[in-house]
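Read off the chains here:
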Amino acid sequence: MKNRILFLITVLSALVGLQAQKVEDTKVILITLDGFRWQELFAGADSLLIGNEDYVHDVGMLKENFWRETPEERRQVLLPFIWDQVEKMGQIHGNRRLGSKVDLTNSMWFSYPGYNEILTGTADDKNIRSNDKIPNPNLTILERFNKTPEGKGRVAAFGSWDVFPYIINEERSGVPVNAGFEAASGNLNEREQFLNQLQKQIPSPWGSVRLDAFTHHYALEYMKKEHPSLIYISYGETDDFAHDGDYQAYLKSAHNTDALIKELWEFTQQDDFYRDQTVFLITTDHGRGTEPLDTWRSHGSQVNGAGQVWFVVFGKEVTPLGEVAQEEQLYSNQIAPTILQHMGIPLPMGIKGAPMKL
């Protein structure tokens, strides 16, 4: 009997050790594309916009690049990594034409409330009602992870929009945030030094949002050096080009971002720290309008459809369902608890969203 008990204790200890190792080894890369519509994700270029000279500078060139006869062909040429590779190895939620719905739970339907919901798991319509640079009173999953023994110093955030230090509450959370036009700091490698120099020399079209290439490469260099277990990257161009009414630049930016995400994936598959241990979660902070046509430029509670979003996931332990073609209802507030659960972090009291089964 004594030997049996010792044997069971040994087996249970081994199983617990394996589970602990499994949780500890899980890495998460959370990515957002600001204001990128589900319509383009699932159907590619919009037939009502791609030939409209009010929104397109060079119709012929844009159609040559992104117009094809079927929605499946159009989305593939717009987002080749998503539809050539991710569809085979992950899950793509939010094609409302097939019954898959992903929605915001906040009622604001613009950026700060959307990012707060994604990063905290709970909408806060009482306190987050503008895009003002107000330190977020709520705890993001980045801050929660940074406050754990296993997460301390192993988390970072990079964003094109200069409000992210406030959304993540960099000062309180201790999470390093590089956003807006911030330069890389610390012990810099040659590429980071070059990026710092280049960022000063290439003007952005906007006063509060830098070009996504800088956000991307700052994040990638940081991953190579520091190997954070949880990193958040927010690309911002799609939203700002849409506000400008530039559908041509909106599509080209989405196409470029697809390639940037592919580069991140390929890096993780070549790096011993990330390979086969990483989950990618990709979403957006809000949708955009469709009718009247000009509301594609806009969002907010008065814009019909701006609360409709989407969700993509692939990587470690994700069941490859491809494009989900069944009735379902998911919400943006489920992303944060899903990440916490995937990383083995207990869900805090008061979090509204429920983890998704991936």
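Note that the structure is predicted; figures quoted are calculated from it, not measured.

Caption draft 1: Up close: helix α14 (residues 335–342). For α14, the buried fraction is high: seven of the eight residues fall into the buried class. Residues Ile-335, Ala-336, Pro-337, Thr-338, Ile-339, Leu-340 and His-342 constitute the buried set of α14. Of the residues flanking the end of α14, it is Gly-344, one or two places downstream, whose phi is positive at about 75°.

Caption draft 2: Examining unusual backbone geometry more closely. The omega angle of the peptide bond from Glu-291 to Pro-292 is -5°, so this bond is cis rather than trans. In this model, Asp-276 sits at a positive phi of 65°, which is unusual for a non-glycine residue. Along the chain, Asp-276 turns up in the loop between α13 (247–270) and β7 (278–283).

Caption draft 3: Broad picture of the pairing of strand β4 (residues 155–159). The buried fraction of β4 is high, at five of five residues. Covered by surrounding structure in β4 are Val-155, Ala-157 and Gly-159 together with Ala-156 and Phe-158, the residues of both alternating faces. Relative to strand β6 (residues 230–235), β4 runs parallel, the two sharing five bridges. If you follow Gly-159 over to β6, its bridge partner there is Ser-234. Pairing of β4 with strand β5 (residues 177–179), which is carried by three bridges, proceeds in the parallel orientation. Each bridged residue has a counterpart across the sheet, and for Phe-158 the counterpart in β5 is Asn-178.

Caption draft 4: Spatial organisation of the packing of aromatic side chains. Tallying each qualifying case throughout the model produces 19 aromatic pairs. Aromatic side chains Tyr-247 and Trp-296 sit 5.2 Å apart centroid to centroid with 90° between the ring planes, which places their arrangement in the edge-to-face category. Highlighted residues: Tyr-247 in helix α13 and Trp-296 in the loop between β7 and β8 (308–309), separated in sequence by 49 residues. No difference in accessibility class separates Tyr-247 from Trp-296, as the two residues are buried. Above the plane of the ring of Phe-273 lies Lys-27, whose end atom (NZ or CZ) is 4.3 Å from the centre.

Caption draft 5: The arrangement of the sheet that holds β6 in detail. Read across the open sheet, the eight strands follow the order β5-β4-β6-β1-β7-β9-β2-β10; overall the sheet is mixed. The outermost strands of the open sheet, each flanked by one partner alone, are β5 and β10 (322–323). Both strand β2 (residues 90–93) and strand β9 (residues 311–315) contribute to a ladder of four bridges, which runs antiparallel. Of the residues in β9, the one forming a bridge with His-93 is Phe-311.

Caption draft 6: Seen up close, the nonpolar core. Counting 97 residues, the largest nonpolar core has Ile-31 and Tyr-247 as its most contacted members. Among the elements that line this core, the one with the most residues is α13, at 10 residues. In this view, Tyr-247 contacts Arg-37, Glu-40, Gly-44, Ala-45, Asp-46, Leu-49, Ile-50, Tyr-55, Val-56, Leu-62 and Trp-296; residues no more than four positions away in its chain are not counted.

Caption draft 7: Inspection of the pattern of salt bridges at higher detail. Counted by the stated rule, this structure contains 14 salt bridges. The shortest N-O distance in the salt bridge between Arg-75 and Glu-323 comes to 2.9 Å. Highlighted residues: Arg-75 in helix α4 (residues 71–78) and Glu-323 in strand β10, separated in sequence by 248 residues. Since its relative accessible area comes to 7%, Arg-75 is described here as buried. Note that Glu-192 and Lys-225 form a salt bridge whose closest N and O atoms lie 2.8 Å from each other. Residue Glu-192 is located in helix α10 (residues 190–201), and its partner Lys-225 is located in helix α11 (residues 212–226); the two are separated by 33 residues in the primary sequence. In this structure Glu-192 comes out as buried when scored by relative accessible area, which is 3%. One network of salt bridges, in which partners are shared, links Arg-37, Glu-40 and Asp-46.

Caption draft 8: Region of interest: the side chain of Ser-100. Examined against the element boundaries, Ser-100 turns out to sit in strand β3 (residues 100–103). Of the residues examined, Ser-100 reaches a relative accessible area of 0% and is grouped as buried. Apart from the residues lying within four places of it in its own chain, the contact partners of Ser-100 are His-93, Gly-94, Asn-95, Val-324, Gln-326 and Glu-328.

The rules behind the values
Residues numbered from 1 in each chain as written. Predicted model: local features only at pLDDT ≥ 70, side-chain atom pairs only at ≥ 80, totals over all residues. Heavy atoms only, no water. Buried < 20%, exposed > 50% of the residue type's maximum accessible area, 1.4 Å probe, protein only. Helix = DSSP H or I, 4+ residues; strand = E, 2+ residues; numbered from the N terminus. Pairing = 2+ DSSP bridges. Phe/Tyr/Trp six-rings, centres within 6.5 Å; stacked < 30°, edge-to-face > 60°. Lys NZ or Arg CZ within 6 Å of the ring centre and 35° of its normal. Core = buried A, V, L, I, M, F, W, Y, C linked by side-chain atoms within 4.5 Å. Contact = heavy atoms within 4.5 Å. Salt bridge = Lys/Arg side-chain N within 4 Å of Asp/Glu carboxyl O.

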